[in-house]
Amino acid sequence: MPEYEFVDVYVPRGVSRKETARLLTDHAEYGHWELDRLTLRHDGSRRVRLRRRIIRQLRATW
């Protein structure tokens, strides 16, 4: 079963959808994050949860 690490990103009310999309695209391209959940709040702000898979290295035994 894959393991994930999560990060929450808060996007304030005044940030446009275009700027938010660019921010999330940068996280995806350079940090290998993917969108897990996006919550649009009543005040117009957004709470975004991103995730990426944790890859564990196995030790080689000789």
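The structure we're discussing is the one just above.
Let us look at the structure shown here. (Residues numbered from 1 in each chain as written. Predicted model: local features only at pLDDT ≥ 70, side-chain atom pairs only at ≥ 80, totals over all residues. Heavy atoms only, no water.)

**Some points on the side chain of T20**
Part 1 of the reasoning: Along the polypeptide, T20 turns up in helix α1 (residues 17-31).
Part 2 of the reasoning: T20 has contacts with V11, V15 and R46, leaving out every residue within four places of it along the chain. (Helix = DSSP H or I, 4+ residues; strand = E, 2+ residues; numbered from the N terminus. Contact = heavy atoms within 4.5 Å.)

**A short note on a nonpolar patch on the surface**
Part 1 of the reasoning: A contiguous nonpolar surface patch, about 300 Å² in accessible area, is contributed by L35, L38 and L40.
Part 2 of the reasoning: Here L35 falls in the exposed class, since its relative accessible area comes to 51%. (Patch = residues over 30% accessible without salt bridge, like charges linked within 9 Å, V, L, I, M, F, W, Y side chains within 5 Å. Areas by Shrake-Rupley, 256 points an atom, 1.4 Å probe, with all protein chains shown as cover. Salt bridge = Lys/Arg side-chain N within 4 Å of Asp/Glu carboxyl O. Buried < 20%, exposed > 50% of the residue type's maximum accessible area, 1.4 Å probe, protein only.)

**Points about the nonpolar core**
In a soluble, globular protein the nonpolar side chains are often hidden away together inside.
Part 1 of the reasoning: The biggest cluster of nonpolar side chains holds six residues, and these are V9, V11, L24, W33, V48 and L50.
Part 2 of the reasoning: When contributions to this core are tallied by element, the ones reaching two or more residues are β1 (3-11) and β3 (46-54).
Part 3 of the reasoning: With residues up to four places along the chain from it excluded, the contact list for V48 reads V7, D8, V9, V11, L24, L35, R37 and L38. (Core = buried A, V, L, I, M, F, W, Y, C linked by side-chain atoms within 4.5 Å.)

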